[in-house]
Amino acid sequence: MINDFVTVSELNEYISRLVNNDRFLHDFWLKGEISGFKFYRQSGHMYFSLKDEDTCISCVMFKSRVRSLDFVPEEGMEVLLRGNVSVFAKQGKYQVYVEEMQPFGLGGLFLELEKLRRRLEAQGYFAPERKKPIPAGISRVGVVTSQDGAAVRDILRVVKQRHRGAQVVIVHSAVQGAEAPAEIADGIRQLNIYKDVEVIIVGRGGGSFEDLMAFNSEEVVKAIYESTIPVISAVGHEVDFCLADLAADLRAATPTQAAQLAVPDYSELENEVLAFQQRLQRAMDRCVSYRSEILDRIMMKRVWRQPHLMVEKREQSLNDLEKSLNKAMLDVIKDKSNRFSLAITGLDARSPLKVMQRGYSVMQRGQAVLRNVDDVEVGEQLQVLLQDGNVDVKVLGKEGVTRWKI
């Protein structure tokens, strides 16, 4: 009896792990013919098989990826798709989950183009922070395109419509074929050397995918990236997209739109300026009217109608103030005079000369006035100041006495 076995679930899960751990099966390109194609409009998913001469494999493309398709897959169509393999363990089935799909005629070209895009992106050629702003008020435009194509005529027409004084410098180049990438890149470099344009438009009219391949070249992408003058890409029609669009500072859906983005519409600017002028004129009229009304009210005041009355009133007030000031000054002088007289009288009453007139004298030793008997020594020479002169005396004796004190 065999005891070493696995269940169906374990086997399917084991196979699923093997598939999920295989890096190659996570992202690969596959070529084959569509068979059993079914598109469920309600869910938006596509189910089909991809086959070659000997075998086939189940595929599914979900709605989120279907939206990116720019063609309608059909039964028997040979395609190139990118996807990954996963195992549905419950049913033991594996299938390819499709991420991208292209008709095989162009599939190889798309694959190479995608590799180039990834490499240039990794090198920073499409970095948003390197984008240069388009200057405002441009009046000199450089154009790199075929001088015989419809694109240059559209650009010239729109530029002249929007800005009659704008100058357009055209650098002729092929826009498709083997020589086109080098000529386009050289045209961009020539305008950078010329340095007399403010923006460069690079592009052409619409065409097939192969026709637009010059603008998917590495040479053109590098020339746009290295340009010191802002570049607007205008390649094909709105649905067309190329690497030049990713490298450019601004992408336009068409050459006509590129001209519109490059040059301001001076007719609109003139209308805006006219509208601003009218608004300014109305504002000035309102301001002048308001100030005139204020001036009229001021001129109606009496100071303007009878200015002499105002002067006479101020003159009378000035005279009254002058009289009040004079009276106040006289009162102050009189009061100060009385105070001065009283001070002189009091001071005179306290003068030592008055005392000496009553028979008193002053005894000094030099300049020092002697007030006490202890200050005098017997035998010393002193001076006595009388009312009408001085007397030198000699002290023969001294005696202390008690006087009345007040």
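Residues numbered from 1 in each chain as written. Predicted model: local features only at pLDDT ≥ 70, side-chain atom pairs only at ≥ 80, totals over all residues. Heavy atoms only, no water.

This paragraph deals with the pattern of salt bridges. All chains considered together, the criterion is met by 18 salt bridges. The partner of arginine 82 in a salt bridge is glutamate 100, with the nearest N and O atoms 2.8 Å apart. One end of the pair, arginine 82, is in strand β4 (residues 78-88); the other, glutamate 100, is in strand β5 (residues 93-103), with 18 residues separating them in the sequence. A residue is classified by how much of its surface remains accessible, and glutamate 100, at 25% relative accessible area, is partly exposed. Between arginine 117 and glutamate 114 there is a salt bridge whose closest N-O contact spans 2.7 Å. Placement of both arginine 117 and glutamate 114 in helix α3 (residues 104-122) is noted, with a separation of 3 residues, approximately one turn of the helix. For glutamate 114, a relative accessible area of 16% translates into the label buried. (Salt bridge = Lys/Arg side-chain N within 4 Å of Asp/Glu carboxyl O. Helix = DSSP H or I, 4+ residues; strand = E, 2+ residues; numbered from the N terminus. Buried < 20%, exposed > 50% of the residue type's maximum accessible area, 1.4 Å probe, protein only.)

Together, Arg302, Arg305, Lys313 and Arg314 line one region of the surface with positive charge. Of all elements in the fold, only α10 (302-305) and α11 (307-349) reach the threshold of two or more residues within the positive patch. Position of arginine 302 relative to the elements: it lies in helix α10. (Patch = residues over 30% accessible without salt bridge, like charges linked within 9 Å, V, L, I, M, F, W, Y side chains within 5 Å. Areas by Shrake-Rupley, 256 points an atom, 1.4 Å probe, with all protein chains shown as cover. Lys, Arg positive; Asp, Glu negative; His and termini not counted. Charge placed at Lys NZ, Arg CZ, Asp CG, Glu CD.)

Moving on: the packing of helix α5 (residues 180-194) against helix α6 (residues 218-226). The description of two helices packed together rests on the angle between their axes and the distance between the axes. For the pair α5 and α6, interaxial distance at closest approach is 8 Å and the crossing angle is 10 degrees. Taken together, the axes of α5 and α6 are roughly parallel relative to one another. Residues Pro181, Ala182, Ile184, Ala185, Ile188 and Arg189 of α5 touch α6, and the partners they reach there are Glu219, Val220, Ala223 and Ile224. By residue class, the composition of the contact of α5 with α6 is 8 nonpolar, no polar and 2 charged. (Axes fitted to C-alpha atoms, helices over the stretch in contact; angles between N-to-C directions. Parallel < 35°, antiparallel > 145°, perpendicular 65-115°, else oblique. Contact = heavy atoms within 4.5 Å. Nonpolar A, V, L, I, M, F, W, Y, C, P; charged D, E, K, R; others polar.)

Our next topic: the pairing of strand β2 (residues 45-51). Pairing between strand β1 (residues 28-40) and β2: 6 bridges, direction antiparallel. Across the sheet, the residue bridging to glutamate 33 is lysine 51, located in β2. What sits between the antiparallel neighbours β1 and β2 is a turn of 4 residues, in which glycine 44 has the positive phi angle 85 degrees. Where β2 meets strand β3 (residues 56-61), 6 bridges bridge the pair, whose relative direction is antiparallel. The residue bridging tyrosine 47 from the neighbouring strand is valine 60, located in β3. Remark: 4 residues form the turn of the hairpin made by β2 and β3, two consecutive strands paired antiparallel. (Pairing = 2+ DSSP bridges.)

Moving on: the nonpolar core. Core analysis: the largest hydrophobic core is formed by 32 residues, its most contacted members being Val144, Ile184, Ile200, Val202, Phe215 and Ile224. For this core, the elements supplying multiple residues, two or more each, are α3, α5, β8 (199-204), α6, β9 (231-235) and α7 (243-247). Looking at this core element by element, the count peaks at 5 residues for α5. Dropping the residues within four chain positions of it, phenylalanine 215 is found in contact with Val175, Ile184, Val202, Gly203, Arg204, Val235, Cys242, Leu243 and Ala244. (Core = buried A, V, L, I, M, F, W, Y, C linked by side-chain atoms within 4.5 Å.)

In this section: the sheet that holds strand β13 (residues 381-386). Across the sheet, which stays open at both edges, the 4 strands sit in the order β12-β11-β13-β14 with antiparallel pairing between neighbours. Looking at which strands have only one partner, the edges of the open sheet turn out to be β12 (368-369) and β14 (389-394). Where strand β11 (residues 362-365) lies against β12, 2 bridges are found, and the strand directions are antiparallel. Among the inter-strand pairings, glutamine 364 is bridged to a residue of β12, identified as valine 369.

Turning our eyes to something else, we now look at α5. Residues spaced three or four apart along an α-helix point in a common direction, a consequence of the helix completing one turn every 3.6 residues. Across its 15 residues, α5 extends 21 Å between first and last C-alpha, which sits within 8% of the 21 Å expected from 1.5 Å per residue. Of the positions making up α5, those classed as buried are Ala180, Pro181, Ile184, Ala185, Gly187, Ile188, Leu191 and Asn192. Considered in projection along α5, the buried side chains sweep an arc of 150 degrees and stay on one side of the axis. With its phi angle positive at about 60 degrees, lysine 195 sits one or two positions after the end of α5. (Expected span 1.5 Å × (residues − 1). Arc of directions from axis to C-beta.)

The buried count for strand β6 (residues 140-145) comes to 5 of 6 residues, which makes it a mostly enclosed element. Where β6 lies against strand β7 (residues 167-172), 6 bridges are found, and the strand directions are parallel. Paired with glycine 142 across the bridge in β7 is valine 169. The β-α-β motif built from β6, the intervening helix α4 (residues 150-162) and the parallel element β7 has right-handed crossover chirality. Judged from the 4 bridges that link them, β6 and β8 form a sheet pairing that is parallel. Its bridge partner being in β8, valine 141 is matched across the sheet by valine 199. (Right-handed = clockwise from strand over helix to strand, strands pointing away.)

All right, on to the state of the cysteines then. In this structure the tally under the stated criterion is 0 disulfides. Of the cysteine sulfurs around cysteine 59, a residue in no disulfide, the closest is that of cysteine 56, at 9.1 Å. With a relative accessible area of 2%, cysteine 59 lands in the buried category. (Disulfide = S-S within 2.5 Å.)

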